[in-house]
Structure formats: C-alpha cells, structure tokens
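Examining the three-dimensional arrangement
Now for the letters of each chain:
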Amino acid sequence: MEKNITPDSVISALMNHAKTSDSDFPVQVFPAKMQRIILELNTTCGFPIDYTVSAMIAAISVAIGNTHRIEVKRNWQESAIVYIAMVGRPGDCKSHPLTFVMRPLVNADWKNNQEFQKKHCEYQQAVAMSRKERINAGLEEFPKEPKRLRYLVSDVTQEGLSAIHSHNPRGLCLWVDELSAWFKNFTRYNTGSEEQFWLSAFNGSTTMSDRKNCQNSIFIKRPFISVVGTIQRRLLTELANGERAANGFIDRILLMTKSNGKPRWNEDEVRDDLDCEWERILNRLLSVECVVNEGKEPMPTVMRFTADAKRRLYEWQHENAALCDNEMSDNVVSFFCKLEIYVLRFCLILRIVRWAVSDGELRPSDIEDEDVAGAIELAEYFRGNALSVLTCISEEKLNELHRTVYEHLTEEFSTADGIRIAERFGMKDHTFKMFLTRNLNTLFRRVRQGWYKKLSCYSANKVTTDEQD
C-alpha cells in the first residue's frame, strides 16, 4: 500500500536526516514551508541550521521594516529590528547561508538600481534643457532628482547611512560579512559617536545627522536598521573591548553559535525551486506597502496581544526577572534584560511570517498565544547561546594567574577544594571567591550549595531558576 506524502512527513524525514547537525535550534516555531527550506539546505548543502535561521530572521526583519509594530502598552511599541552575529571558526560555513538568504533582497536592490539609473539619466537630460524646452517637451518645469530605493547597505559611514535611510523610510539592513570591520570603524572618524548612534538605532529612537558645510540636518523620526554579519570566535574579545562591555552594546547583539564541526560534502542535490520558494516568501513581505504621512514619515500598522498571549508573555517575563534578581554577573543580567525586548520582536516576526506563507490577506490581527510561545522558545535558545559566548569571552580575558587556576580546577569542585587549588598558585581565598562570584554563569555554574561546575567555551548550559537559588 502506497504511503501518502504530506508536508509534515517530508519535514519529519528531513528532521531525522538533519539530526547529525547536532543543532538544538527550535525550527518548529516557524511555518512548515520555512522549516522545509531550512532542513533541505542543511541536508543538501551542509548549511548549519543555526546560521541559516539567524540569517532568515534578519532578512524577515528588514522585509517587515516600518510596515508593522507591536504594542505592549500605551506608548510602548517595538519594531522588528534585530542585531545578529553569526559566531564560528574559519570554515564553519557562516557566509554561504547568509548569502543564500539575502539573495532576494540583493535581487530587489539590483532591480531598484536599474530603475534608478534609468530615471537618473532622464533627470540629467531634463536638467540640461532650458526651462522653455522642458515645458515644450511636456516635462516637469523643475525636475526632481530621483532617489534610489534599497534594502541593504554595507560599507557606509553614519552620515551616509542617515542620508540613505532618509530616502528609504521603510528601513534598511546593514549586511557585513565580517562584523569586526563594523565595530572597528566606530572610532575611524570620531571618538565614539558612531557607537552611540547604533545604541540609539537599536531602540528605534529618533536620529539627527548634521552634514558638513550644510545648515540642514537629516531627521529620521522612526529609524529602522537591522544588522547581520559573521564574526570569528577569536575576535569576540575585540567586540567586548572598551566601553562596549559596559554600555550595553554587546548585549543588543543576538550571538548565534554552533557546536558541531565543519560540514561534509554529499551527493544530495538542491531542489531547482528552493531559492524561488524562499524568494516568494520574502517578496510577499516586501509587497506590503509602507504607509507614510505628509511628512514622509512611516505610519506602521500596530499589532496587539490577545489576553491569553499577554498572560503567557507576562509569565515568562516574571521568570526572566527572577533570573536577573538572582544573577551575580552584571554582563549576564544585561543580556537577560535585552531578551525581554527581543521576545517582543520575535512575536512580531513570527506573526507576520506566518501570514507570508499563507494564502490569506494580511490584516492587523492580534498577536496570538502561538506567536508568544514560539518567541519564548527563540529567546531561550539565544539565552543559551549568549551564555556560551560570554564564557568564551571570559576565558579569553583571564590573566595568567586566573587562567592557571581555572585550568587546574576539576570539572566539578567545592568552594573549599577551589580555595586549596588557588592557594597552590598564590591566589588568596578571598580573591578566589571573588573570581568565582564574578564569573558565575560565564565560567562557572552553581550545581548546588557550595559546589560548582566549570563551563567550557561554547558548552554553557541554559540556566534555570532552580540552579540560581
């Protein structure tokens, strides 16, 4: 008897095939059509699931742009802005998934540029005419210079980015293949104002940019700029250098890692229409008009929570707050606080993308319980990734004495055992206790009262409230 082939059965088979990737990413929070694309790219091309999905979140974010916002309470709205860093070693296949996922946006920018070149040529011809010639030719008396529409930017200054954004109120995505080049340029022209710009842009705060030798300012009331790129593990400490570890900059970045090794080539072929399937999803998102007012400022559609969805959201926030209350590391607390912003943005992304793969019309419907549940799964996944990366950064920043003591500690140890080991290398007991306390959940995890476990780089486990108590 012949078995019926359904989308669910295909996804189930792909999931079983993809288990060798060792990814624990909650792919199930996305619609079935997206799951199938993600899993097929993993099984045929070896694209790590974690990297593919992180790139998709960034692409969906910019496709939504300023068309929709989510409202939690009166005067508290969030957009779909995300900052994502795909962390890995050289050869971990970070750039290929990002290139595949961003291709529809590249194609849209290419088409827009072709149209711009045509209109700009016509504009130059009109400007070269006299006013009388333009009137006789049926052209505008005072031609307006065309503006180039786009979604992606790369190597751009803060001033240039503001100018581009002023012509593209829907929003932009800064796509940087090596994110280290992004934050290294923060002080290239000034002493920190660019870093402050990105701190403000994450919150969607109004920005103003003053041009040199010009009395006019660029004023953007609703900025929307997402960021995505790759970074090597060994450069993570540079990301956390200077004020970035204290001013909340690094806490705004969703750090995507993977623990499995380099992908192996295989003979499985990619479906001919796989890229078209993904492009159709993004194009449907891009087809949603970004409504603007008379002042050319975007007027997003506001989406709100159902009663059940808000109840689930608040329950999770209370649990997250309890983790923050019991956490000793300020760096960990800071990231946990940013997760509360990201869970709202994930709700918006999941709600809109569910419409994009459906056949129905897009209505300003409420955020439902299913959206919140999926957003919480994403937030918890990124919590675990953040702890892993913070562990790696903490290891790299250890001085020689701390590193020696850390390396000689057993995998599990009591406070008394740790003090004895530390004293062997000349570290006093109060110094060791301070070292232990300051690095809880980055280098160490409390197993039970008086007992701790070392956390190796990229193996930090998810923290629960019970572990903190």
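For the structure, check the block above.
In what follows, the accompanying structure is described. (Residues numbered from 1 in each chain as written. Predicted model: local features only at pLDDT ≥ 70, side-chain atom pairs only at ≥ 80, totals over all residues. Heavy atoms only, no water.)

1. Details of the environment of Asn 107
Note the threshold: Comment: elements are numbered from the N terminus, with helices defined as DSSP H or I runs of at least four residues and strands as E runs of at least two. Here the term buried applies to any residue with accessible area under 20% of the maximum for its type, exposed to any over 50%, and partly exposed to those in between, with areas from a 1.4 Å probe on protein chains only. Any pair of nitrogen or oxygen atoms within 3.5 Å is treated as a polar contact; in protein, a donor-acceptor pairing is required on top of that, and neighbouring residues in sequence qualify only through side-chain atoms on both sides.
With respect to the secondary-structure elements, Asn 107 resides in helix H4 (residues 95–128). Looking at Asn 107, the relative accessible area reads 28%, which means it is partly exposed. Put simply, Asn 107 and Glu 279 are 172 residues apart on the chain and 9.5 Å apart in space, counted from C-alpha to C-alpha. A polar contact of 3.3 Å, which involves the side chain of Asn 107, links it to the side chain of Glu 279.

2. Quick notes on the sheet that holds strand E13 (residues 451–454)
Heads up, the rule is: The criterion for strand pairing is that DSSP finds at least two bridges linking the strands in question. Axes here mean lines fitted to C-alpha atoms, for a helix over just the part in contact, with angles spanning 0 to 180 degrees between N-to-C directions.
Taken in spatial order, the 3 strands line up as E11-E13-E12 in an open sheet, and their pairing is antiparallel. Here the strands that pair on one side only, and so sit at the sheet edges, are strand E11 (412–414) and strand E12 (444–448). Recorded for the sheet is a direction-independent mean angle of 35° between the axes of neighbouring strands. As paired strands, E11 and E13 are joined by 3 bridges and run antiparallel to one another. Bridging from a neighbouring strand, Ser 414 pairs with Trp 451 of E13.

3. Some details on the pairing of E13
Because side chains alternate across E13, one face comprises the buried residues Tyr 452 and Lys 454, and the other comprises Trp 451 and Lys 453, none of which is buried. Pairing geometry for E12 and E13, over 4 bridges, is antiparallel. Across the sheet, residue Arg 448 finds its bridge partner in E13, namely Trp 451. In this structure, the hairpin formed by E12 and E13 is closed by a connection of 2 residues, where Gly 450 is found at a positive phi of approximately 85°.

4. With respect to the packing of aromatic side chains
Quick note on the threshold: Note on aromatic pairs: the rings of Phe, Tyr and Trp (six-membered ring only in Trp) are paired at centre separations within 6.5 Å, and the planes decide the class, stacked below 30 degrees, edge-to-face beyond 60, tilted for the rest. Consider the ring centre and the ring normal. A charge sits over the ring if Lys NZ or Arg CZ is within 6 Å of that centre and within 35 degrees of that normal.
In the structure shown here, the tally under the stated rule is 18 aromatic pairs. Grouping aromatic residues by their ring pairs yields a cluster made of Phe 25, Phe 30, Tyr 83, Trp 182, Phe 197, Trp 198, Phe 202, Phe 249, Tyr 342, Phe 346, Tyr 381 and Phe 382. Directly above the aromatic system of Phe 202 lies the positively charged group of Arg 345, at a separation of 4.4 Å from the ring centroid. For the cation-ring pair, Lys 454 lies above Tyr 406, with the distance from its terminal atom to the ring centre recorded as 4.9 Å.

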